[in-house]
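Here are the chains, one letter per residue:
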Amino acid sequence: MKQYLDSLRHIVRTGHLKGDRTGTGTKSVFGYQERYDLKESFPIITHRKVSVRSIFGELVWFLSGSTNIEDLKNLGSTVWDEWADRTGSIGPMYGSTWRGKAPYKIDQIAEVLKLLNDDPNSRRIIIDSWYPEQLPLAKTKPSDNPPLGRMALAPCHMMCQFYVDENAMLSCQLYLRSSDTLLGKPYNIACYAALVHILCALTGYRPGELVVTTGDMHIYNNHIVDGALTKILAAETFDLPTMDITDAFEEGAIVIDKLDSDADVSVYSDILNKYFVENPKDTLDKLVNGLSKYQSGPAIKMKVSV
């Protein structure tokens, strides 16, 4: 994960001091790009311990279409607890935008699968989580927005685009409009790398590259003051693990392989529902077990800015 560590050093070296929504303050740069080769290894940080089950659990939760943290907790992750309202809702974001749950109507993940199957040369293989009419109200606590029918937070990982090359390699470019680089970004990188592997397992492509483009890339001041940044930059690193989930979605892949362009997108939705709505825990186990040889240093505690 040299690319990731280099991004931290870039912020330290060239960053500007800025205020932010949380009142914590950041050191920030604007516009940065990292590229991660998915062909031989899986990009998950090794210099500090992270919960693989939590990262993959959040992805399964997104792909299920749920926006309630009780479903996420059932998958062993509590990463959204600070932002949910009293009912456990985070509002109409991520899961609902991805899978076309109310108030949205388009199952974007199913559409991505259909395009990968029918028209892999398309330049429209995109997931878009940015819906201006549902964004949180300014100067409103995140947890106060869902009862108003709005997102708890403006989506940080707001869009991604997929690309198939002549060697049947599937790559993804992720756009992060805002990146808590020390705490949150490693989760985003691993999440979207796993998403590429899932789409490959369902469509028969092979993982290519993950390109991460960031707008406001920052380190919170408290992570500098409390020494977390210094610990991470000085920590021992280990070889990256590998991921193989080729057989995890075998039945769905067989069905998709037989579909032609006349197949309705609802067929793809049904396949996704089988794995991520009907059997989310089994699917999560397959993802976790598909990651091999993950070794890391100890956990480094950091306070999240809400």
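Residues numbered from 1 in each chain as written. Predicted model: local features only at pLDDT ≥ 70, side-chain atom pairs only at ≥ 80, totals over all residues. Heavy atoms only, no water.

## Topic: the nonpolar core
Counting residues in hydrophobic clusters, the biggest one holds 93 residues, and the most contacted among them are F56, W80, W98, F162 and F249. In terms of residue count, the dominant contributor to this core is helix 6 (residues 185-203) (14 residues). Once residues within four sequence positions are removed from consideration, W80 is found in contact with E58, W61, F62, I69, L72, I90, M93, Y94 and L153. (Core = buried A, V, L, I, M, F, W, Y, C linked by side-chain atoms within 4.5 Å. Buried < 20%, exposed > 50% of the residue type's maximum accessible area, 1.4 Å probe, protein only. Helix = DSSP H or I, 4+ residues; strand = E, 2+ residues; numbered from the N terminus. Contact = heavy atoms within 4.5 Å.)

## Some thoughts on the sheet that holds strand 5 (residues 169-180)
Spatial strand order, 1-2-6-5-4-3: 6 strands in an open sheet with mixed pairing. What marks the edges here is a single partner per strand, and that holds for strand 1 (16-18) and strand 3 (126-128). On average, adjacent strands in this sheet sit at an angle of 20° to one another, irrespective of strand direction. Relative to strand 6 (residues 206-220), strand 5 runs parallel, the two sharing 10 bridges. Paired with D180 across the bridge in strand 6 is H218. Contacts from helix 5 (residues 108-118) reach strand 3, strand 4 (157-164) and strand 5 within the one sheet, and its direction differs from that of strand 3 by about 170°. (Pairing = 2+ DSSP bridges. Axes fitted to C-alpha atoms, helices over the stretch in contact; angles between N-to-C directions.)

## Remarks on the side chain of H47
Turning to its location among the elements, H47 is positioned in the loop between strand 2 (26-37) and helix 2 (52-64). Ignoring any residue separated from it by four or fewer positions in sequence, one finds H47 in contact with Y4, L5, I232, A235, E236, T237, G297, P298 and I300.

## Overview of unusual backbone geometry
Of the consecutive residues A102 and P103, the connecting peptide bond is found in the cis state with omega at 10°. Looking at the secondary structure, you find P103 in the loop between helix 4 (95-99) and helix 5. Of note, the phi angle at Y94 is positive, near 50°, even though the residue is not glycine. You will see that K293, though not glycine, has its phi angle at about 65°, which is positive. When you line up the elements, K293 lands in the segment after strand 8 (291-292). Overall, the relative accessible area of 76% leaves K293 in the exposed class.

## Here's the deal with the packing of helix 2 against helix 11 (residues 280-290)
At a closest axis distance of 9 Å, the pairing of helix 2 and helix 11 adopts a crossing angle of 135°. By the angle class used here, helix 2 and helix 11 are oblique. As for how helix 2 packs across helix 11, the hand of that crossing is right-handed. Across from V52, R53, F56, G57 and V60 in helix 2, the residues of helix 11 making contact are P280, T283, L284, D285, L287 and V288. Its residues assigned to classes, the contact of helix 2 with helix 11 shows 7 nonpolar, 2 polar and 2 charged. (Parallel < 35°, antiparallel > 145°, perpendicular 65-115°, else oblique. Left-handed = near helix turned anticlockwise from the far one by under 90°. Nonpolar A, V, L, I, M, F, W, Y, C, P; charged D, E, K, R; others polar.)

## Observations concerning the pattern of salt bridges
The full count for this structure, using the stated rule, is 12 salt bridges. Taking the shortest distance from any N to any O, the salt bridge between D285 and R53 comes out at 3.0 Å. In this pair, D285 sits in helix 11 while R53 sits in helix 2, placing the two residues 232 residues apart along the sequence. The exposure class of R53 is partly exposed, given its relative accessible area of 33%. For the salt bridge of K274 with E251, the shortest nitrogen-to-oxygen distance reads 2.7 Å. Highlighted residues: K274 in helix 10 (residues 265-278) and E251 in helix 9 (residues 250-258), separated in sequence by 23 residues. (Salt bridge = Lys/Arg side-chain N within 4 Å of Asp/Glu carboxyl O.)

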